[in-house]
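# Observations on the model geometry
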Amino acid sequence: MASVTASPRPTTPEQVSAAAASRRRPRRTRYRRRLRSRLILAFALLGFSLTLLLAYSANWVRNRVEDELVLDVMNRNISLYQQRYFRSEGRQRDLPVEQMRAFVFTPDKFEQLRVEEPDWYELPDGIHSLSGTNADGSPFSYRLAVRKTPDAWFFLAYDMTQATRGEQRFYRALVVVVVVFTALSLLIGWWSASRVMSPVSELAQRLRRSGRTAEPEALAAGFADDEVGELAKALDDYAARLTQVVQRDREFNADVSHELRTPLAVIKGAVELLLAKPDLDEKTRGRLLRIQRAEQQCTDLISALLLLSRSERGHGATDVARVAEQLLDAHRAQLGGKPVELRIEGERGLIADAPEAAVTVALNNLIGNAVKYTQEGSVVVRLHPHAVEVIDSGPGLSEEDAKRLFERGYRGTHAGHSQGGGIGLSIVRRLCELYGWDVRVRPGPERGVVAMLRFAPPSGAPVSAQRGQ
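These numbers come from a predicted model, not from an experiment. (Residues numbered from 1 in each chain as written. Predicted model: local features only at pLDDT ≥ 70, side-chain atom pairs only at ≥ 80, totals over all residues. Heavy atoms only, no water.)

## Side note on the overall build of the protein
Selection rule: Secondary structure elements are defined from DSSP: runs of H or I of at least 4 residues count as helices, runs of E of at least 2 residues count as strands, and each element is numbered from the N terminus. Here's how the labels work: a residue is buried when its accessible area is under 20% of the maximum for its type, exposed when over 50%, partly exposed in between, all with a 1.4 Å probe on protein chains only. It only takes one pair of heavy atoms within 4.5 Å for two residues to be counted as in contact. Methods summary: accessible areas were calculated by the Shrake-Rupley approach with a probe of 1.4 Å, and residue burial reflects only the protein chains presented.
Counting its secondary structure elements, the protein contains twelve helices and eleven strands. Per-residue burial over the protein gives 36% buried out of 469 residues. Expressed as a percentage of contacts within the protein between residues at least 6 apart in sequence, the contacts between residues at least 24 apart total 62%. Entry remark: accessible area of the protein is about 28800 Å², with carbon and sulfur atoms responsible for 56%.

Given below as C-alpha cells:
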C-alpha cells in the first residue's frame, strides 16, 4: 500500500521548529504586507529622502558660496596689502581687517621663514586651507593666501575657526530639520493612508460579513463611483457568478444522488427477495451477497459525496468497531485466495459523531488499499480510544508516494495495472477536513504501512484526547 500522511501536525523536530517559526512569522509578515503600512512607510521614506536631499543641497550650496566669497575676499585683500606695502615702501605692514592677519617677508627673512614656518615656505601662490592643534590643545583652521614676488613674499591668514563652528551648528540644525520633516511626513502618511484605506477596509468588512449568509450581499451600493466602487462592482459580479456555479453544482449533486438512489433501491429490493428464496445454491447466494455489499457501498459513497458537495457536517453515533468488522467481512469475500489474514484488535466502544456512511467510506478506502497491495501476510484493524489504525504487511511506500498520495487522481508506484482512479484517498482527505478528523500514514516498523484515522473527540473532551496515541 503506497501512502502518505495528510496530517497538518509536525511529527519531526525539524517540522516542529518550522511550525514554530511559521507561528512567529505572521505578525511581522502581515505588517509588511499591509497596504496601509506600506503607504505610511512610503510617505516617511519620501519625506526623509526629500528632506535629506534638500539638506545636502543646502549644505553644498552654502559651502560653495562661502568658499567663493572667502576666496574673493582673500584675493582682493592680499592684492590690496601688496599694493599698500609697496606704496609705503615697506612701512605699512598691518591690515585693518578683522579675522585676517597679514605677513610680509623680505629676501633676508626667507631663511627665517623656512625655519619657523616650513609649511608656508613650501606653498606656491594661491589660497590654501590649513588646520591643526594649538599648543593648548585647541583646534585651529584658517585659509592662507600666498603671493610671492622677487622683492617680498606676502601671506594673508583668514581665521576659519568661527566659520567651522558655524558650520557644525548648521549641520546640527540640518539634522533636526531632517528628523522633524521625516516625522511630519510620517504623520501625513498615517493620515493619508487612513483616508485612502478607509473605504478599502470598509469593503473588506462588508465582504467578510456577507460570507456569513448563503446569499451574497450587494457591495457596490455603499461606495462612491471611484476605484473602490469599481472593485465592489467587480466583487458583486464575481459573487453572483460564483453563487450560480455553486447552486448549479448543488442541484446537480442532489439530482444525481436522487437519480442514483432509485436504481440502487431497486437493486437492493431485488437482492433481498432473491436471498429470501430457500432453494438458492451457495454459489448464487455468494454472488447475491456480493451484489448486496456493492449496493450498500454505492449508497454510502453517494451519501458521503453529497455531504462533501454541500459542505454539511452530518451527525450520528456510529460504532466504528461494527463498521470495521463489516468491512473486513466484505473484503474477506474478495481476497480471491490470497494468503492474507484480516483481523480486528483493540477495545470496542469507539463512537464517531458522524453518519455511518461517512465513517464507512473513510475506513473502507484505507482498508481497501491495505488489502489491495498486501499479497501475503496480514491486514490488522487496531482500535484505540479515539482512533483506528490499519496496519498491513505490503510493500510499503516510496518517497514520491509519500508526497503525492492524497492528491486527487494520483496512484502510487505500486499500483501497477490494478483497478482504481486514484480518488479514494482524496475523498478520505476531504472527509477529514469536513469533520475535523486527522488521517496520517507512516511506514511500518519492519515493512508495510500504518494508516491512522483519528476522530474528533466528543464535545467537552480535552484537546489532548484528540491527539491521543
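## Points about the confidence of the model for the protein
As a general rule, the predicted coordinates of low-pLDDT regions are not to be interpreted in detail. Definition in use: pLDDT is a per-residue confidence score from the predictor, ranging from 0 to 100.
Taken as a whole, the protein shows an average pLDDT of 76; of its residues, 82% reach a score of 70 or greater. Of the regions scoring below 50 in pLDDT, residues 458–469 engages in 15 contacts with residues more than four places distant in sequence or in other chains.

## Thoughts on the sheet that holds strand 4 (residues 153–159)
Put simply, the rule reads: When DSSP locates at least two bridges between a pair of strands, those strands are taken to pair. Lines fitted to C-alpha atoms define the axes here, with helix axes fitted over just the stretch in contact, and angles between the N-to-C directions of these axes take values from 0 to 180 degrees.
The strand order across the open sheet built from four strands is 1-4-3-2, with neighbouring strands paired in antiparallel fashion. At either end of the open sheet lies a strand with only one pairing partner, and these are strand 1 (100–105) and strand 2 (126–133). Averaged over all pairs of adjacent strands, the angle between their axes in this sheet comes to 25°, without regard to strand direction. Where strand 3 (residues 139–148) meets strand 4, seven bridges bridge the pair, whose relative direction is antiparallel. Of the residues in strand 4, the one forming a bridge with tyrosine 142 is aspartate 159.

## Quick word on the packing of aromatic side chains
Counted only if it meets this: Working definition: rings of Phe, Tyr and Trp (its six-membered ring) pair if their centres are within 6.5 Å, and the pair is stacked with planes under 30 degrees apart, edge-to-face with planes over 60 apart, and tilted otherwise. The criterion is that NZ of a Lys, or CZ of an Arg, lies within 6 Å of the ring centre and within 35 degrees of the ring normal, and then a charge sits over that ring.
Following the criterion strictly, the structure yields seven aromatic pairs and no others. For the pair tryptophan 120 and phenylalanine 155, a centre-to-centre distance of 5.2 Å together with 25° between the ring planes defines the contact as stacked. Separated by 35 residues along the polypeptide, tryptophan 120 in helix 4 (residues 118–122) and phenylalanine 155 in strand 4 bring together distant segments of the chain. Plain terms: the ring middles of tyrosine 435 and tryptophan 437 are 4.9 Å apart, the flat faces sit at 20° to each other, and that makes the pair stacked. Accessibility assignment for this pair places tyrosine 435 and tryptophan 437 in one class, buried. Put simply, the rings of Phe103, Phe105, Trp120 and Phe155 touch in pairs and so form one group of aromatic residues. In this structure, lysine 148 packs its charged tip against the face of tryptophan 153, placed 4.3 Å from the ring centre.

## Details of the pairing of strand 2
Two strands pair when backbone bridges link them, and strand 2 and strand 3 are joined in this way by eight bridges, in the antiparallel orientation. Following the sheet pairing, histidine 128 is matched in strand 3 by leucine 144. Between the antiparallel neighbours strand 2 and strand 3 lie five residues, among them glycine 137 with a positive phi of about 95°.

## What about the side chain of threonine 182?
Here is the rule: For this analysis, a polar contact is any N or O atom pair within 3.5 Å, provided that within protein one partner can donate a hydrogen and the other can accept it, and provided that sequence-adjacent residues contribute only side-chain to side-chain pairs.
Note that threonine 182 resides in helix 5 (residues 161–210). Within polar-contact distance, the side chain of threonine 182 engages the backbone oxygen of valine 178 at 2.6 Å. Ignoring any residue separated from it by four or fewer positions in sequence, one finds threonine 182 in contact with Ala44 and Phe48.

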